[in-house]
Amino acid sequence: MTKQSLACLTIASVSLIGALLVFGQAVTLAWLSQFPAWQPELASLQFRFWIYISVGVVALLVGGGTAVRWVRQQNALARADGSNSAPR
């Protein structure tokens, strides 16, 4: 595994785990907004909910794009290794 593929795999993993955590936080904020005690801060909760959703979508796109790039890179390396070692 090259340094570049390790970096891609790390970025994809961290981004996808981050997206999962951020979406969990957004769900928690949506759940908190259902309680009457949080009504004075409802606008703030809604704003933070949409911020977390936006960050989660960006992290999901970055992680997914990096994962696709890593898979394509591994396929290209496998094809290159296979064509060099084939008997002639």
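Treat the numbers as computed from the prediction; the structure is a model and nothing was measured.

(A) Expanded view of the packing of aromatic side chains. Counted according to the given criterion, the structure contains two aromatic pairs. Seen in terms of ring centroids, Trp31 and Phe35 are 4.9 Å apart; in terms of plane orientation they differ by 90°. Their pairing is edge-to-face. On the accessibility criterion, Phe35 (36% relative accessible area) is partly exposed. Residues Phe49 and Trp50 carry aromatic rings whose centres are separated by 5.0 Å and whose planes lie at 80° to one another, so their mutual orientation is edge-to-face.

(B) Representation of the environment of Ala19 within the structure. Note on placement: Ala19 falls in helix α1 (residues 3-32). In this structure, the C-alpha to C-alpha distance between Ala19 and Gly63, residues 44 residues apart in sequence, is 8.4 Å. Setting aside anything within four residues of it in sequence, one finds Ala19 in contact with Gly56, Ala59 and Leu60.

(C) Region of interest: a nonpolar patch on the surface. Together, Ile11, Val58 and Val62 give the surface a local cluster of nonpolar side chains, amounting to about 230 Å² of exposed area. According to the relative accessible area criterion, Val62 is partly exposed, its value standing at 38%.

(D) Fine view of the environment of Gly63. Locating Gly63 in the fold gives a position in helix α2 (residues 42-85). Setting aside anything within four residues of it in sequence, one finds Gly63 in contact with Ala12, Ser15 and Leu16.

(E) Here's a closer look at the environment of Trp31. If you trace the backbone, Trp31 turns up in helix α1. Separated by 14 residues in sequence, Trp31 and Leu45 have C-alpha atoms that sit 9.9 Å apart.

(F) Expanded view of the side chain of Ser15. Mapping Ser15 onto the fold places it in helix α1. Side-chain polar atoms of Ser15 contact the backbone oxygen of Ile11, separated by 2.8 Å. With residues up to four places along the chain from it excluded, the contact list for Ser15 reads Ala59, Val62 and Gly63.

About the thresholds
Residues numbered from 1 in each chain as written. Predicted model: local features only at pLDDT ≥ 70, side-chain atom pairs only at ≥ 80, totals over all residues. Heavy atoms only, no water. Phe/Tyr/Trp six-rings, centres within 6.5 Å; stacked < 30°, edge-to-face > 60°. Buried < 20%, exposed > 50% of the residue type's maximum accessible area, 1.4 Å probe, protein only. Helix = DSSP H or I, 4+ residues; strand = E, 2+ residues; numbered from the N terminus. Contact = heavy atoms within 4.5 Å. Patch = residues over 30% accessible without salt bridge, like charges linked within 9 Å, V, L, I, M, F, W, Y side chains within 5 Å. Areas by Shrake-Rupley, 256 points an atom, 1.4 Å probe, with all protein chains shown as cover. Salt bridge = Lys/Arg side-chain N within 4 Å of Asp/Glu carboxyl O. Polar contact = N/O pair within 3.5 Å; in protein donor to acceptor, adjacent residues only side chain to side chain.

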